[in-house]
Amino acid sequence: MIVPYKWLLDYVNIDKSITEVGDELTLSGSKVEEIIENGKEISKVVTGKILSIEKHPNADRLTICKVDIKDEIIQIVTAATNIRVNDIVPVALHGSTLAGGVKIKKGKLRGVESNGMFCSEVELGIADEDSVHGIMILKEGTPIGEDIKEVLGLNGGVIDFEITSNRADCFSVYGIAREAAATFKTKLKPVNTAYSSNDEDINDYLKVEVKDDLCRRYAAKMVKNVVVKDSPEWMQQRLKEAGIRPINNIVDITNYVMVELGQPMHAYNYKFIEGSKIIVRKAEDNEKFKTLDGEERTLNSSMLVIADDKKPVAVAGVMGGENSEIKNDTNTIIFECANFDGTSIRLTSKKLGLRTDASSKFEKDIDPNLVEMAMNRACNLIEELGAGEIVGGTVDVYKNPLMPHKLTVSASWVNKFLGTDIKPEMMKEMLESLEIKTNLIGDELNLVVPTFRQDVKIKEDVAEEIARIYGYNNIPTRKIVGETVEGTVKKDQKLKKIVRETMVSSGFYECTTYSFVSPKVYDKICIPDSDAIRNAVKISNPLGEDFSIMRTTAIPSMMEVMATNYSRGINEVKLFEIAKVFIPRENDELPEETDKLVIGMYGGANFYNIKGVVENLMNALGIERCLFAKESENPIFHPGRTAKIIIRNKEAGVLGEVHPNVTDNYDIEERVYIAEIDLNSVFKASNLNKKYKSLPKYPSVSRDIAMLVKDEVTAAEIEDIIRANGKDILESIKLFDVYKGKQVPEGMKSIAYSITYRAEGRTLKDEEVNKVHERIVKALEEKLGAKLREC
Amino acid sequence: MREELENIRTEAMTKIKKSINSDNLEEIRVKYLGKKGVLTGILRGMGSLSPEERPAAGKLANDVREEIENAIENAKKSIKEKEREQRLAFETIDVTMPGKANPIGGVHPLTKVLDEIQEIFLGMGFSVAEGPEVELDYYNFEALNIPKNHPARDEQDTFYIKDGVVLRTQTSPVQIREMEKSKPPIRIIAPGRVYRSDAVDATHSPMFTQIEGLVVDEGITMSDLKGTLDTFAKRFFGESTKTKFRPHHFPFTEPSAEVDVSCFACGGKGCRICKNSGWIEILGCGMVHPDVLRRGKIDPEKYSGFAFGMGLERLAMIKYGIDDIRLFYENDLRFLKQF
Ligand SMILES: [Zn+2]
């Protein structure tokens, strides 16, 4: 809401700078977005009349002008081409300042003295660079030698307020003035609504029929013998400041009233109202209508129109029609001042793609009781401008008048709720300054809330009114009292923290990616068409295909991040993300949302690096037994370098080298390793309760064992056999060498373990160890065909 | 004999003095004091002396032995010291060369800031709650006083899944879910992702993170709201931070406010970060609307509460001076490594 400051001062006496006023209104609830003081920087610019224009002797493009600035005649050299003798122009004198702080000094241009400069609208800061060309030519008859700020009204400034949707009453100069009066504890001045009319009766000229309740009120006035012309300079100036283009006196009056009081109005050319009848009705489906902007609109039956006997003449509350537009020869007009259902206006304007000053006011649901004041103000302005003769009588269809509502609030409750100690009398004063009639009986505030304050319905609303006029910043601050509560973090949240810490200490950086992805990501990671993982929650109005489904796996997001880094020449990357995925559920409207840990790395990495990281993580999370089983079916991964992660006999994730088909799709020419782990499964198995075991008192014995086995024999198989035969003296086993090559036959590998034995409560004897060790060796030979080698 | 001993002494002492390493000294020791050494030989020859001469000669021989032994010992010590000095000098390295370690990684800047915020609120007795991101229209809108056709729905540009199901546009639905399942006193914060169909640019992201806060108890006042958020601002931005509460409107709180903090960069004088205003807007808040309490099965006549919500990205951008929100979701390692 743009409020020209001088206009505001018509209705309140405030002796403060525009900035101070803006700051205080912000603190009382009318937030200032911006204060624009056009003329603030401009000084020593006056109006001057060009007396002569002569060629510059030394430059083709320059001319020498003599300019009358009332007290003297000065010489100015210019490159401007749009000026003529007798033009009145803004003249920046020696020592003047223009918009943007530009300083002007006298000097010589190609040897000829120049005592200033002519200004364009851009230089005065009242137009954009690309909208004007050349020097600003002022109206004929503009007095010369006057300060340009006075002439152009650049000394006022405007305040742009951000008004919240609940305060329809503040979308007007008068509404803001009311707030200002309450804020600065001054009186709000009345609006001049006086006028006189002839002794005819509008009802003899016009019938109004309201056929739909979406029109809550419809009032009309008639003006005869209208003289359509430009409105006076002051009115044009104010409208321009408010961001509205002046058109002619009649249209300008409707706009002036709208800006001033917040009530949109419309003027119809009476001549074109067929049947002397206005009907407010729903449009017909596919009814065609040309709005004032020249666009042909197709209406439908959800939209409200203003029609005459034959045709629509306006889309109600949005825009009038070309067919009844006010033109220079218009003689008789009908002023419409109506009230419509806000939602209906909003939906219509949305459907038509046509948001106007009027519709944006109506859609906030303005007060139907504003109609009289607005209509009277319009008539008052007609009279003031001498724009026509007002026909007596009013048409006013207002079936269900809105009445002020009553509300009783206890002052002590307000203080208790706010944590304040405001006297009830003071509350009364504050409320009355907002035009809420207040009768204080004891502790009780008995309120009559005016109809323009539909947002004040319950006692909390009243508390807010009091709080904001009292000043939020005057409310004391205190620490919450009452029962002490201990802040807690859920187990999952703690475990996630451990995950992050472990990943970070392993050298990984955390990333965060969007939860929505393109359905094409499944193609990129080579998931077959039939795979259930493609069944995702779809967004019905996405920003684009790339953000159209909620991910069911976070692997594509990780691949994307690695691809971005790879394409930027980063040659070693270790990343992780705790990523939510969304799995649709059969029997629930909402999907299951679970956290996945995704780890990704490339550059100097191999399978065992990522596996080591996962093993460390499982350790940190207190997962007692985590198994890794060969996985050769997952299409995302290398068939020979991938493992399923198994915890408590359930698959909890996958890790491995990404399939080259997939890395190709992401243009990564490196081996990439990824793990995706279901944190839910991991957290369920996590046990962080540690128990101390006493340190061993007796020495251990270590034996190494090296054997030749077939290539396909896995470490897991060997270790299972060692464990199964190690009896209770086996303490630990450690793989320390795997070798293929010289001295090892084709299809075989050499694999070596160090086995540590220890007994509780005694020192092991050699014979005892030998017996167990031999049994292990024998089992390895028998079950795996292992051939023992010398260590 | 005496003369012989004196000669040995002089000779040995000279050699000891000249010796340059422990090996030399060992040779000297063997030569003079060893089993087959010179001194031993002389002592062996003592038998040829007269009994009167023996004690004196014996003493002298022992003196000489002791003297040589001591001299060797001392020389050994000093040589050892010298040798150690030499070794240490030889072992000098360039300490300005870079160190070696297993490089550690880092958490995302958003996590970092969130942790900091959580820590502050945990310290004030808040617990951490969560809610779904794919949310029922009821929790995201209706229960928060935003019925169908309410203008706030347009403002928030909602992503719809289907009728009645949306991507939550705010973390406020967690308020209702939390009230439904627990009784006052309630003191929670609920961080999480929210979604709005804003086109991506330097300050807009269709997905971002909010932190919701909710306190419900008997006798909670607007003073408590102010005190809590003032404390938060001081802990997060620094003890000298000032807060400013401006009236605002949210459908689910009444009264409602927006909170500005004094600019931590310029202290309120005005700079680029605060756009010359001296203040930075950081959050919205208010007293929980009685309708909202009722929908959470809490009696507004008995209890009152306050709620607040802030944008994590915005706080992180302010804190670290980041000027483009897209950097958070692009995950360029060179960006991630800076935090
Ligand atoms: Zn600043």
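What counts and what doesn't
- Chains are numbered independently. Their residues run from 1 in the order of the written sequence.
- A letter from A marks each chain and a number from 1 marks each ligand, given out in the order of writing.
- Owing to the predicted nature of the model, reporting of local features is limited to residues with pLDDT of at least 70; listing and counting of side-chain atom pairs is limited to 80 or more, with chain, interface and lining totals taken over all residues.
- Computation of side-chain values covers all heavy atoms of the structure but excludes hydrogens and water.
- Boundary definitions for the domains trace back to an automatic or database domain assignment.
- Note on terminology: a nonpolar core comprises buried Ala, Val, Leu, Ile, Met, Phe, Trp, Tyr and Cys residues joined through side-chain atoms within 4.5 Å.
- Throughout, exposure labels follow a simple rule: accessible area from a 1.4 Å probe, protein chains only, divided by the maximum for the residue type, with under 20% read as buried, over 50% as exposed, and the rest as partly exposed.
- Helix and strand assignments follow DSSP, with helices taken as H or I runs no shorter than four residues and strands as E runs no shorter than two, numbered in order from the N terminus.
- Two residues qualify as a contact provided that any one of their heavy atoms is within 4.5 Å of a heavy atom in the partner residue.
- Counted as coordinating are nitrogen, oxygen and sulfur atoms within 2.8 Å of the metal, or 3.2 Å for Na, K and Ca, while water is not included, which may make sites look incomplete.
- Working rule for geometry: tetrahedral if four donors all subtend angles between 85 and 135 degrees; square planar for four, octahedral for six, if opposite donors exceed 155 degrees and the others stay between 65 and 115; irregular in every other situation.
- Accessible-area loss on putting two parts together, using a 1.4 Å probe and summing over both, is the definition of buried area adopted here.
- Note on definitions: salt bridges are taken to be side-chain nitrogens of Lys or Arg within 4 Å of carboxyl oxygens of Asp or Glu.
- DSSP calls a pair of strands paired once it identifies at least 2 bridges connecting them.
- The angle between two axes is taken between their N-to-C directions and runs from 0 to 180 degrees, where each axis is a line fitted to C-alpha atoms and a helix contributes only its stretch in contact.

## Description of the domain arrangement of chain B
Okay, so step 1: Domain assignment breaks chain B into domain 1 (2-90) and domain 2 (109-336).
Okay, so step 2: The C-alpha centroid of domain 2 of chain B is placed 90 Å from the C-alpha centroid of domain 1 of chain B.

## Here we look at the nonpolar core
Okay, so step 1: Within the largest apolar cluster, 144 residues are counted, with the highest numbers of intra-cluster contacts made by A:Met559, A:Met562, A:Leu575, B:Ile117 and B:Phe308.
Okay, so step 2: The element contributing the most residues to this core is helix α9 (residues 222-237) of chain B, with seven residues.
Okay, so step 3: Not counting the four nearest positions on each side in its chain, A:Leu575 is found in contact with A:Phe508, A:Tyr509, A:Cys511, A:Met558, A:Val561, A:Met562, A:Asn565, A:Val598, A:Ile599, A:Gly600, B:Leu333 and B:Leu336.
Okay, so step 4: By size, the runner-up hydrophobic cluster in this structure holds 57 residues, among which are A:Phe171, A:Ile176, A:Ile326 and A:Val371.

## Notes on the coordination of the zinc ion
All names here are of chain B.
Okay, so step 1: Those donors, Cys 263 (SG), Cys 266 (SG), Cys 271 (SG) and Cys 274 (SG), are the protein atoms that reach the zinc ion, and they lie 2.2 to 2.3 Å from it.
Okay, so step 2: Around the zinc ion sit four donor atoms; with metal-centred angles ranging over 105 to 113°, the donor geometry is tetrahedral.
Okay, so step 3: Taken in sequence order, the residues that donate to the zinc ion follow the motif C-x2-C-x4-C-x2-C. The burial state of Cys 263 is the same as that of Cys 266; both residues are buried.

## Here's the deal with the interface of chain B and chain A
Okay, so step 1: The interface of chain B with chain A comprises 87 residues on the first partner and 83 residues on the second.
Okay, so step 2: The junction of chain B with chain A conceals about 7000 Å² of combined surface from both sides, 56% of it contributed by carbon and sulfur atoms.
Okay, so step 3: On the surface where chain B and chain A come into contact, there are nine salt bridges.
Okay, so step 4: Between B:Glu301 and A:Lys459 there is a salt bridge, with the nearest N and O atoms lying 3.3 Å from each other.

## With respect to the sheet that holds strand β5 (residues 186-195) of chain B
Within a sheet, neighbouring strands are paired by backbone hydrogen bonds and run either parallel or antiparallel to one another.
Residues and elements named next belong to chain B.
Okay, so step 1: Within the open sheet, the seven strands sit side by side as β1-β5-β6-β10-β9-β8-β7. Their pairing is mixed. Two strands lie at the open edges of the sheet, namely β1 (127-128) and β7 (243-250), each paired on one side alone.
Okay, so step 2: Examined bridge by bridge, strand β9 (residues 279-288) and strand β10 (residues 304-311) share five bridges and lie antiparallel to one another. Among the inter-strand pairings, Gly 284 is bridged to a residue of β10, identified as Gly 309.
Okay, so step 3: Most of the contacts of α9 go to β9, to which it runs at about 150°, and overall it touches β7, β8 (253-262), β9 and β10.
Okay, so step 4: Relative to the sheet, helix α11 (residues 312-320) contacts β6 (207-217), β9 and β10, its axis offset from that of β10 by approximately 60°.

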